[in-house]
Amino acid sequence: MAINQLEATLQAITHTIAKLEKEGCDDEKMLKELRKERDRILDELNLN
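For clarity, every value in this text was computed on a predicted model and none was experimentally measured. (Residues numbered from 1 in each chain as written. Predicted model: local features only at pLDDT ≥ 70, side-chain atom pairs only at ≥ 80, totals over all residues. Heavy atoms only, no water.)

*Asks:* Sorry if this is basic, but what is going on with the environment of leucine 45 here?
*Replies:* Positionally, leucine 45 belongs in the segment after α2 (28-44). Between the alpha carbons of leucine 45 and isoleucine 3 there is a distance of 7.6 Å; along the sequence they are 42 residues apart. Setting aside residues no more than four positions away along its own chain, leucine 45 makes contact with Ile3, Leu6, Glu7 and Leu10. (Helix = DSSP H or I, 4+ residues; strand = E, 2+ residues; numbered from the N terminus. Contact = heavy atoms within 4.5 Å.)

*Asks:* What is the right way to look at the packing of helix α1 (residues 3-22) against α2 in this model?
*Replies:* Angle between the axes and distance between the axes are the two parameters that describe a pair of packed helices. Between α1 and α2, whose axes approach to 10 Å, the crossing angle comes to 150°. The pairing of α1 with α2 is recorded here as roughly antiparallel in orientation. As for the relative orientation of α1 and α2, their crossing is left-handed in sense. The residues of α2 that touch α1, namely those facing Leu6, Thr9, Leu10, Ile13, Thr14, Thr16, Ile17, Leu20 and Glu21, are Met30, Leu31, Leu34, Arg35, Glu37, Arg38, Ile41, Leu42 and Glu44. (Axes fitted to C-alpha atoms, helices over the stretch in contact; angles between N-to-C directions. Parallel < 35°, antiparallel > 145°, perpendicular 65-115°, else oblique. Left-handed = near helix turned anticlockwise from the far one by under 90°.)

*Asks:* What is the right way to read α1 from this model?
*Replies:* The periodicity of an α-helix, 3.6 residues per turn, causes residues three or four positions apart to be oriented the same way. For α1, built from 20 residues, the straight-helix expectation of 28 Å at 1.5 Å per residue is met to within 8% by its first-to-last C-alpha distance of 28 Å. The complete set of buried residues in α1 reads Leu6, Leu10, Ile13, Ile17 and Leu20. Take α1 and look down its axis: the buried residues cluster within an arc of 105°, on one side only. Opposite the packed face of α1, turned more than 90 degrees from it, sit the exposed residues Asn4, His15, Lys19 and Lys22. The elements touched by buried residues of α1 are α2. One or two steps after α1, the chain reaches glycine 24, where phi turns positive at roughly 80°. (Expected span 1.5 Å × (residues − 1). Buried < 20%, exposed > 50% of the residue type's maximum accessible area, 1.4 Å probe, protein only. Arc of directions from axis to C-beta.)

Below you can see the structure in the form of structure tokens.
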């Protein structure tokens, strides 16, 4: 995947996590999967 696409995906996931947390989402399984994907992208971009 291109760097720009990874960055766009990372931004979208980060915004989604923040929005869900702000709204009080109680689906920890979904939040955990989003965080896991965010961490994977950060690792791929060598930012973690």
